[in-house]
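Summary of structural features
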Amino acid sequence: MKLRIAVLPGDGIGPEIMKQGVAVMDAIAAKFGHEFEYKEAMVGACAIEACGDPYPASTHEVCMKADAVLFAAVGDLKYDNNPTLPVRPETGLLAMRKQLGLFANVRPVVTFDCLLHKSPLKDELLRGADFVVLRELTGGMYFGEKYQDNDKAYDTDVYTRPEIERILKLAFEMALQRKRHLTVVDKANVLASSRLWRQIAQEIEPQYPDVKTDYMFIDNASMRVLTEPRFFDVIVTENTFGDILTDETSCITGSMGLQPSASLGEHTPLFEPVHGSWPQAAGQNLANPLAQILSAAMLLEHFGLNKEGALVRDAVNASLYANVRTPEIQAEGGEKYGTKEVGQWVVDYIKKA
């Protein structure tokens, strides 16, 4: 198979982990006879510094011409520490999602038995947890009308029926492919936007009689994700709730450095690790590349390359069980490995398989 892939390393640790993700893609291409053509482009703080725009038109053109986008991270302390700056790296991420029509963020949450001790939760709660959070990505407060002066500020949480219907239908279809259990998360006891979400979900539910559907307020869901993670199969929710809930799930995996994601929608699909740019660690060979590598696995599987994706996952699992890990998840007394060394180990595993 031939794929054109837009590569967006971004800021901070992004370029380092992206090198490992691309190296894994190259190893897969060589082993299975595929051809992956890469085109690199700027996004985030580096793009602001270069041209004043965190998501330049030239980058959008590269993404639109590609079959898939492999993205790393955006963010820089210069912008984090100055809330008055009118242009921010994260604005580029929002613009990219909006312009590519990426309305659905898919974040799988799974446990690794050899890393259960890295979670603050008890082993008996975690073992066997395996669910997906489906987050609406282009609506809600992040994109609604905003206002701020010295005394007042607001963000409007606007959703339309078509926006809600398309992600709910995707959620029901996803549940059919898994354990046939869907949890719709909202705040319908307080928010009008959530009441519309629940109304439309209840309208769609009868079309999927084989899916067990339940409804949960976000505060309750936030608690139960940590106290009963095995209860869930597919969770679907709106943008803001999904942002918070998906970060919370890092307590289940033991590290955000192990969580990949996909963003799907109208145009080019995008695959990215869920962690941030960690600018303090940039260039220090400390960052965990596995979420970037697992994002590459999701990219492969999106195009039906399931054997290839499975081999990447096998390599990642093998590296963890062999204690080839970056510092934040290394076993006590274990050998020290950096970004490059972990990535190279995974590449070597694929080549030898």
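In this report, the structure presented in the accompanying data block is examined. Fair warning: this is a prediction, and the values are worked out from it, not measured in the lab.

Attention now goes to the overall build of the protein. A tally of regular secondary structure across the protein gives 14 helices and twelve strands. Relative to the 2.2 N^0.38 estimate, which gives 20 Å for 353 residues, the radius of gyration of the protein is 20 Å and therefore close to what a compact globule would have. Expressed as a percentage of the 353 residues in the protein, the buried residues total 53%. Considering only intrachain contacts with a sequence separation of at least 6, the fraction spanning at least 24 residues in the protein is 75%. Of the roughly 15,300 Å² that the protein leaves accessible, carbon and sulfur atoms contribute 52%. Averaging the positions of the 36 positive and the 48 negative side-chain charges in the protein gives two centres separated by 3 Å.

Moving on, we come to the sheet that holds strand S5 (residues 130-136). Taken in spatial order, the ten strands of this open sheet run S2-S1-S3-S12-S11-S4-S5-S10-S8-S9, and their pairing is mixed. Strand pairing shows two members of the sheet lacking a second neighbour, strand S2 (35-40) and strand S9 (212-217), which therefore form its edges. On average, each strand axis in the sheet is inclined to that of its neighbour by 25 degrees, with strand direction left out of account. Bridge analysis of strand S8 (residues 181-186) against strand S10 (residues 234-237) gives three bridges, and the strand direction is parallel. Residue Thr183 lies in a different strand from S10, and its bridge partner there is Ile235. Packing against the sheet, helix H8 (residues 192-204) makes contact with S5, S8, S9 and S10, and its axis sits at approximately 170 degrees to S9.

There is about 750 Å³ of room inside the largest pocket. The wall of the largest pocket is formed by 34 residues, among which Met256, Val274, His275, Gly276 and Ser277 lie closest to the centre. Among the elements of the structure, strand S3 (68-73), helix H5 (89-100), strand S4 (104-110), helix H10 (239-248) and strand S12 (270-273) are those that each provide at least two residues to the lining of the largest pocket. Among the elements that make up the lining of the largest pocket, the one with the highest residue count is H5 (four residues). Taken together, the residues that form the lining of the largest pocket break down as 16 nonpolar, nine polar and nine charged. Taken together, 26 residues form the lining of the second largest pocket, with Val106, Pro108, Met298, Glu301 and Arg313 sitting closest to its centre. Elements with a contribution of two residues or more to the lining of the second largest pocket: S4, S5, helix H7 (161-177), strand S11 (260-264), helix H12 (290-302) and helix H13 (306-321). Partitioned by chemical class, the residues of the lining of the second largest pocket number 15 nonpolar, six polar and five charged.

Right, let's talk about the packing of H13 against helix H14 (residues 339-352) for a bit. Contact geometry for H13 and H14: axes closest at 9 Å, N-to-C directions at 125 degrees. Between H13 and H14, the angle is such that the two are oblique. Considering the relative orientation of H13 and H14, their crossing is right-handed. For the pair formed by H13 and H14, the contact residues are Leu311, Val312, Asp314, Ala315, Ala318 and Ser319 on the first element and Trp345, Val346, Tyr349 and Ile350 on the second. Among the residues making up the contact of H13 with H14, the classes are represented as eight nonpolar, one polar and one charged.

What follows concerns the packing of aromatic side chains. One pass over the structure, following the stated rule, counts six aromatic pairs. Ring geometry for Tyr147 versus Tyr154: centroids 5.6 Å apart, planes at 25 degrees, classification stacked. We classify Tyr147 as partly exposed; its relative accessible area is 34%. Classification of Tyr154 as partly exposed rests on a relative accessible area of 33%. When the centroid spacing of 4.8 Å and the interplanar angle of 15 degrees are considered together, the rings of Phe172 and Tyr208 count as stacked. Separated by 36 residues along the polypeptide, Phe172 in helix H7 and Tyr208 in the loop between H8 and S9 bring together distant segments of the chain.

Rules used throughout
Residues numbered from 1 in each chain as written. Predicted model: local features only at pLDDT ≥ 70, side-chain atom pairs only at ≥ 80, totals over all residues. Heavy atoms only, no water. Helix = DSSP H or I, 4+ residues; strand = E, 2+ residues; numbered from the N terminus. Rg over C-alpha atoms; globule rule 2.2 N^0.38 Å. Buried < 20%, exposed > 50% of the residue type's maximum accessible area, 1.4 Å probe, protein only. Contact = heavy atoms within 4.5 Å. Areas by Shrake-Rupley, 256 points an atom, 1.4 Å probe, with all protein chains shown as cover. Lys, Arg positive; Asp, Glu negative; His and termini not counted. Charge placed at Lys NZ, Arg CZ, Asp CG, Glu CD. Pairing = 2+ DSSP bridges. Axes fitted to C-alpha atoms, helices over the stretch in contact; angles between N-to-C directions. 1 Å grid on protein atoms, 1.4 Å probe; cavity = no way out; pocket = protein on both sides within 12 Å on 5 of 7 lines; lining within 4 Å. Points joined across faces, edges and corners; volume = space filled by probe spheres on them. Nonpolar A, V, L, I, M, F, W, Y, C, P; charged D, E, K, R; others polar. Parallel < 35°, antiparallel > 145°, perpendicular 65-115°, else oblique. Left-handed = near helix turned anticlockwise from the far one by under 90°. Phe/Tyr/Trp six-rings, centres within 6.5 Å; stacked < 30°, edge-to-face > 60°.

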